[in-house]
Amino acid sequence: MIRHHLILRVITKMLIGPIMLFALYVQFHGDYSPGGGFQAGVIMAVAFIIYGVVFGLATVQQVFPPWLVHKLLALGVLIYAGTGVVSLFLGYGYLDYGAFTPDHPEHGQHWGILVVELGVGVTVTGVMVAIYYAFAARTPAISDEDW
Amino acid sequence: MATESVVHTAMTLHDHLPVLQILVPFIAAPLTVFIGSRALAWPISFASSVVSLVIAWLLLMQVIDGDVISYHIGGWAPPLGIEYRVDAANAFVVFLVAAISVVVLPFAKVSVAYEVPLRDHALFYSAYLLCFSGLMGVAITGDAFNVFVFLEISSLSTYVLIAAGAGKDKRALTAAYDYLIMGTIGATFFVIGIGFLYMGTGTLNMADLAQRIAAQGGNRTIEAGFAFILVGIGLKLAFYPLHLWLPNAYTYAPSAVSAFLAATATKVAVYVLLRFCFTVFGPAFGFEVLTLQYVVLPLAVVAMFASSFVAVFQSDFKRMLAYSSIAQIGYMLLGIAFLTETGVTAAIVHLFNHGITKAALFMAVGAYVLRAGDTFYNDIAGLGRKMPWTSAAVVIGGLSLIGVPGTAGFISKWVLVQAAFEKGWWPVALLIVASSLLAVIYVWRVVEVLYLQPAREDSTATEAPLTMLVPIWVAALACIWFGIDTDTTLGAARTAAAGLLNLPGQ
Amino acid sequence: MDWDFIVGHVNYWLFIVLMMTGLYIVVAKGNLVKKIVGLNIFQTAVFMLYISVGKIDGGTAPIFPTDMKIDPAVVYSNPLPHVLILTAIVVGIATTSLGLALIVRIREAYGTIEEDGIYQIEKDIAAEEYRLHNELKSRRS
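What counts as what
- Residues numbered from 1 in each chain as written.
- Chains lettered and ligands numbered in written order.
- Predicted model: local features only at pLDDT ≥ 70, side-chain atom pairs only at ≥ 80, totals over all residues.
- Helix = DSSP H or I, 4+ residues; strand = E, 2+ residues; numbered from the N terminus.
- Rg over C-alpha atoms; globule rule 2.2 N^0.38 Å.
- Buried ≥ 20, exposed ≤ 12 C-beta atoms within 10 Å, placed from the backbone.
- Contact = placed C-beta atoms within 7 Å.
- Nonpolar A, V, L, I, M, F, W, Y, C, P; charged D, E, K, R; others polar.
- pLDDT = per-residue confidence, 0-100.
- Axes fitted to C-alpha atoms, helices over the stretch in contact; angles between N-to-C directions.
- Parallel < 35°, antiparallel > 145°, perpendicular 65-115°, else oblique.
- Left-handed = near helix turned anticlockwise from the far one by under 90°.
- Pairing = 2+ DSSP bridges.
- Expected span 1.5 Å × (residues − 1).
- Domains from an automatic or database assignment.
- Core = buried A, V, L, I, M, F, W, Y, C linked by C-beta atoms within 7 Å.

### Remarks on the overall build of chain B
Then step 1. Scanning chain B for helices and strands turns up 19 helices and two strands.
Then step 2. A compact globule built from 506 residues would reach a C-alpha radius of gyration of about 23 Å, and chain B, at 22 Å, matches this within 12%.
Then step 3. Seen through its principal axes, chain B has C-alpha atoms that stretch 80 × 60 × 40 Å.
Then step 4. When the 506 residues of chain B are sorted by exposure, 66% land in the buried category.
Then step 5. Long-range contacts, defined here as pairs at least 24 residues apart, represent 80% of the contacts in chain B between residues at least 6 apart.

Now the structure itself:
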C-alpha cells in the first residue's frame, strides 16, 4: 500500500509546510491587510485535510486526534470571549480593546484584534477539521483497488 | 472608540449586566466542550442558568418603570456599533427564558439521562446552552442584523437538540431536517428583509431605523422589507400556514427539549415580531396596519380553530400539545393584530402565561415517557392513579390551557377579549371563546384517558422521581399563582406594551 | 420600464433568478442532498444581493492609507454589507454541514435519502403504531 501514489505523497509532504506557513501569514497580517482568522483557519485546516486525504484518516488522526480538535474548537471561542471578559474586568465595555493600553487606545486595538483573530483562527481550524473527521469517519475506507 | 482626550470612567459590574446576561451561558457552552466531562456538563449548565436568572431579575427591576438601558459592545456608539438595548418588553422576555431554563434543567437531568445516549451528554448540554444564550441574545439586542445572528445561533443548536431525540425514535432526524430547511428559509427571508431596510435607510440599529422610517414614510423598498421580515419570523414562530415543522419537531425531540422550546423559542420569535411591528415600523406605517388587519388577523383566527381541531383528534399527548401550541400562537398574533395597547398587553401576557403552562405540560410528558415509555393515550391510560402528582399537574396545566378562571391562561384570554371589545370587534371576541371550547375538548380527552380509563395490565408505572415532580409543580403552581396575583405579569406587560407603542409610561 | 431601468437593476434581476432557482430546487427535488444544494443557491443569492448593494460606482477598496491622509475626492465602496455577509456565509456553512450530517444519520437510519422513500417508511411506522394501539384498545374494552 505504501508504494502507491509516490508523486502525490511527495508533493503533499512538500506542500503541507508552506500551506501552514501561509496560514500563519494570513492570520497575523489580518489586522491591516486582507486576511484574518476565518481565512487562516480554513487554510490551516486544509493542511490537515490534504494530509488525511492522501495518507488516510488514521494517520492524520494520530497527528491531530479528534479529542484535541474538540478542545481546540472550544478553546478558540473561549479566547475570543475571554478577551472581552478581560476588557470587562479592566473597567471598559465588553470587547473594548482600548482597555489593554488605556493611554494609547489604538495600540490596544491592535493587540485586541490580534488575540481575537487568533481565537477565530483556532476555532475555524478546529471546526473545519472536525467536519472533515465527522464525514470521513462515517464512510467506509476506499480500498486500494478502487482508486 | 475612546479617544485619548476622553477621560475614561471605569464601568462597574452593574453596568455590564446586559452583556453578562448573554455572556455567562455563551462562555459556559464552549467550556463544557473544553472540559469534556459528562458529569460536569449539567452542573455548569444549571449554574450558568441560575446566574442568568439573577441577572435577568436585576435587569427587569431596573427597567420595570419604563427606563431603557443601552449597552455599547466594544465601546462603539450606536448607530454604528452594536447596541444591547434593554427595556421592559425584552427584559420580560429574557426573564421568562431564564426562568424556564432554571425550571427545566433540574427536570432535564433525569429525562435526558433516559432519552439521550450517555456519550452525547457534554455536547447536548453545550448545544442547550448555545440555544439558551441565542434566545436571550435575540431578545436583548438592539441591532437588526444581530437579531439574525443570534436567531441562527439558537436555531442551529435547536436542530441539534431535536435530532438528539433520534436515540428513541429515528423520526427525530427527519423532523430536525425539515425544521432545518424551513428554519433556514425563514432566517434567509429575514436577512433579505433586513437588507431591504438597510438599502432603504442606511442603518441597522433598530432605534435609528425607526426614526428614519418615520421620517421618510413608507416606500416600496421598506414595504418589501416588512413583508420579508414578517414571513421570515412567521416561519420561526409557527405562524399558521408556516407551522408545518412544529408538530414533528416537538413530538420527536427529547422531552426536556420540547419543554424548553415550547416555552421559549416561539415566544422569543413573537417578541421579535412585536419589536419589528411596533418599535421599528411603528403603528403609523400604513402598509403594516393593512397587513396585520387583513392577513395576520384572519390567519390567527384560522390557527386558533384549525390547530385546536387537529389537536382534538390526536392520539399522542405530546403531539396534541404541539398542535395546541400553534393554536395558542394564534392568540398572541391576534393580540398583535389589534394594534392597541390592550391587544399588545394581551399578547405579552399570553406569551408569558402560555410559556409556563406549556413548560408544565411538556415536563409532565417527560415524566410519562420515563415511566410508561411513551405518551400515546393507550400507554398513559389510567396513570392518574399510578402517577397522582404528575397527573394532577397535567390537570392544572390543562385548565390553564383552556383559560379557566383562577389560572394564568384565564388572565391572558380575558385581556384579549377586552382588547377585542375595546376595538368593537365583538365577533372576534366570540371566536376567542369558541376556540377555547375546542381546548376544553382536547384537554378533557387527556383527563378522561388519565383518570377514567383502566390502566394497561402490563403497566408498571410508578410516580415520577422527585427531581421531575418539583420542576413540574413549580411550573404548575406558577400557572395558579399568575392566575391570582396578576400585578407582576400584567403590570410588566402594560409597561412593555406602552414602551413598544411609544406611549407615556404608567 | 425602459432600457435603463432594466440594465440599471441587473443585480436585482440576477438576485431574483438565483433566489427562485434555489427555492424551486428546495421545493421540487426529492433528494435530501439536492435540497441542501438548493438551499445553498438560495442563500448565495442573498449574499450576492448584499455584496452588490455595497458597490459604489467608481468606488475603490475601502482601505484607508496608513498615514490616514484621506483624499476627499476618492470614493470608497461600502464595506458594511460585505462584513455582514461574511457572518451570513459562516452561518450558511454551519447550516450546510449540519444538514449534511443529518442526511448521513438519516441514511444510516432509513437506508435512503429520497423523500418518497422516507415518507413511505414513516407512513408504515405510523400505520403499525396505529394498528398496535387499536388492538390494545379493543382488547381492553
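### A short note on the overall build of chain C
Then step 1. Along chain C, the regular secondary structure elements total five helices and zero strands.
Then step 2. The secondary structure elements of chain C, listed N-terminal to C-terminal, are α-α-α-α-α.
Then step 3. For 141 residues, the compact-globule estimate of 2.2 N^0.38 gives 14 Å, and the C-alpha radius of gyration of chain C, at 25 Å, exceeds that figure by more than 25%.
Then step 4. Its C-alpha atoms put chain C at 90 × 45 × 30 Å along the principal axes.
Then step 5. Taking all 141 residues of chain C together, the buried fraction comes to 21%.
Then step 6. Pairs at least 24 apart in sequence give 48% of the contacts found in chain C among residues at least 6 apart.

### Topic: the environment of Arg 38 of chain B
All names here are of chain B.
Then step 1. Along the chain, Arg 38 falls in helix H2 (residues 38-63).
Then step 2. Under the C-beta neighbour-count criterion, Arg 38 is labelled partly exposed, with 17 such atoms within 10 Å.
Then step 3. Counting along the chain gives 397 residues from Arg 38 to Ser 435, while the straight-line C-alpha distance between them is 45 Å.
Then step 4. Arg 38 has contacts with Leu 118, His 121 and Ala 122, leaving out every residue within four places of it along the chain.

### Observations regarding the environment of Leu 21 of chain A
Then step 1. Residue placement: Leu 21 of chain A occurs in helix H1 (residues 6-28).
Then step 2. The sequence separation of Leu 21 of chain A and Met 44 of chain A amounts to 23 residues, and the corresponding C-alpha distance is 8.6 Å.

### Side note on the interface of chain C and chain B
Bring the parts together and some accessible area is lost; that lost area is often taken as the interface size.
Then step 1. Counting residues at the interface gives 29 residues for chain C, matched by 25 residues for chain B.
Then step 2. If one sorts the elements of the side of chain C that touches chain B by residue count, helix H4 (residues 80-110) of chain C sits on top with 13 residues.
Then step 3. Each residue belonging to the side of chain C that touches chain B can be placed in one class, and the counts come to 19 nonpolar, five polar and five charged.

### Some remarks on the confidence of the model for chain C
Then step 1. For chain C, the average pLDDT comes to 89, and 99% of its residues sit at 70 or higher.
Then step 2. ipTM for the predicted complex: 0.93, alongside a pTM of 0.93.

### Considerations on the packing of helix H11 (residues 286-312) of chain B against helix H12 (residues 317-338) of chain B
Residues and elements named next belong to chain B.
Then step 1. At a minimum axis separation of 8 Å, H11 and H12 run at an interaxial angle of 155 degrees. Relative to H12, the element H11 lies roughly antiparallel. Where H11 crosses over H12, the handedness of that crossing is left-handed. The residues of H12 that touch H11, namely those facing Leu 292, Gln 293, Val 296, Leu 297, Ala 300, Val 301, Ala 303, Met 304, Ser 307, Ser 308, Val 310 and Ala 311, are Met 320, Tyr 323, Ser 324, Ile 326, Ala 327, Ile 329, Gly 330, Tyr 331, Leu 333, Leu 334, Ile 336 and Ala 337.
Then step 2. Counted by class, the contact of H11 with H12 contains 19 nonpolar, five polar and no charged residues.

### Here's the deal with unusual backbone geometry
Residues and elements named next belong to chain B.
Then step 1. Residue Pro 79 follows Pro 78 across a cis peptide bond; omega there is 5 degrees.
Then step 2. Looking at the secondary structure, you find Pro 79 in the loop between strand E1 (69-72) and strand E2 (83-86).
Then step 3. Not every positive phi belongs to a glycine, and Ala 238 is a case in point at roughly 60 degrees.
Then step 4. By the element assignment, Ala 238 lies in the loop between helix H8 (220-236) and helix H9 (246-252).
Then step 5. Taking the number of C-beta atoms within 10 Å as the measure of exposure, Ala 238 has 26 and is therefore buried.

### Quick notes on the pairing of E2 of chain B
All names here are of chain B.
Then step 1. Because side chains alternate across E2, one face comprises the buried residues Glu 83 and Arg 85, and the other comprises Tyr 84 and Val 86, equally buried.
Then step 2. Bridge count between E1 and E2: four bridges; the pairing is antiparallel. Looking at E2, one finds that His 72 is bridged to Glu 83.

### Focus: the confidence of the model for chain B
Then step 1. Scored by pLDDT, chain B comes out at a mean of 90, with 98% of its residues at no less than 70.
Then step 2. Segment residues 1-5 of chain B is flagged for pLDDT under 50; beyond a separation of four residues in sequence, or across chains, it makes nine contacts in the model.

### Here we look at helix H6 (residues 171-201) of chain B
Residue and element names in this part refer to chain B.
Then step 1. Between its terminal C-alpha atoms H6 stretches 45 Å, which fits the 45 Å expected from 31 residues at 1.5 Å a residue.
Then step 2. Counting buried positions along H6 yields 29 of 31 residues, so the element is predominantly enclosed.
Then step 3. Where H6 terminates, the next one or two residues include Gly 202, which has phi positive at roughly 80 degrees.

### Concerning the domain arrangement of chain C
Then step 1. Domain boundaries assigned for chain C yield domain 1 (3-110) and domain 2 (116-141).
Then step 2. Here the C-alpha centroids of domain 1 of chain C and domain 2 of chain C sit 44 Å apart.

### Focus: the nonpolar core
Residues and elements named next belong to chain B.
Then step 1. In this structure, Phe 92, Ile 162 and Met 363 are the most contacted members of the largest nonpolar core, which totals 276 residues.
Then step 2. Per element, the largest residue contribution to this core is 20 residues, and it comes from helix H10 (residues 255-281).
Then step 3. Ignoring anything within four residues of it in the chain, the contact list for Phe 92 reads Leu 60, Ile 348, Ala 492, Ala 493 and Ala 496.

### Re helix H4 (residues 121-140) of chain B
Then step 1. With 20 residues, H4 of chain B ought to run about 28 Å at 1.5 Å a step, and its terminal C-alpha atoms sit 28 Å apart, in line with that.
Then step 2. Here H4 of chain B lies mainly inside the structure; 19 of its 20 residues are buried.

### Examining the packing of helix H13 (residues 341-372) of chain B against helix H16 (residues 408-423) of chain B
Residues and elements named next belong to chain B.
Then step 1. Two numbers describe how H13 lies on H16: the axes approach to 8 Å, and their chain directions differ by 160 degrees. The angle between H13 and H16 falls in the class roughly antiparallel. Regarding H13 and H16, the two cross each other, and that crossing is left-handed. When H13 is examined against H16, the residues Thr 342, Gly 343, Thr 345, Ala 346, Val 349, His 350, Asn 353, Ile 356 and Thr 357 are found in contact with a partner set consisting of Ala 408, Gly 409, Ile 411, Ser 412, Val 415, Leu 416, Gln 418, Ala 419 and Glu 422.
Then step 2. Residues of the contact of H13 with H16, tallied by class, amount to eight nonpolar, nine polar and one charged.

### With respect to the environment of Gln 109 of chain A
Then step 1. Relative to the helices and strands, Gln 109 of chain A is located in helix H5 (residues 105-136).
Then step 2. Distance in space between the C-alpha atoms of Gln 109 of chain A and Asp 96 of chain A is 8.0 Å, their sequence separation being 13 residues.

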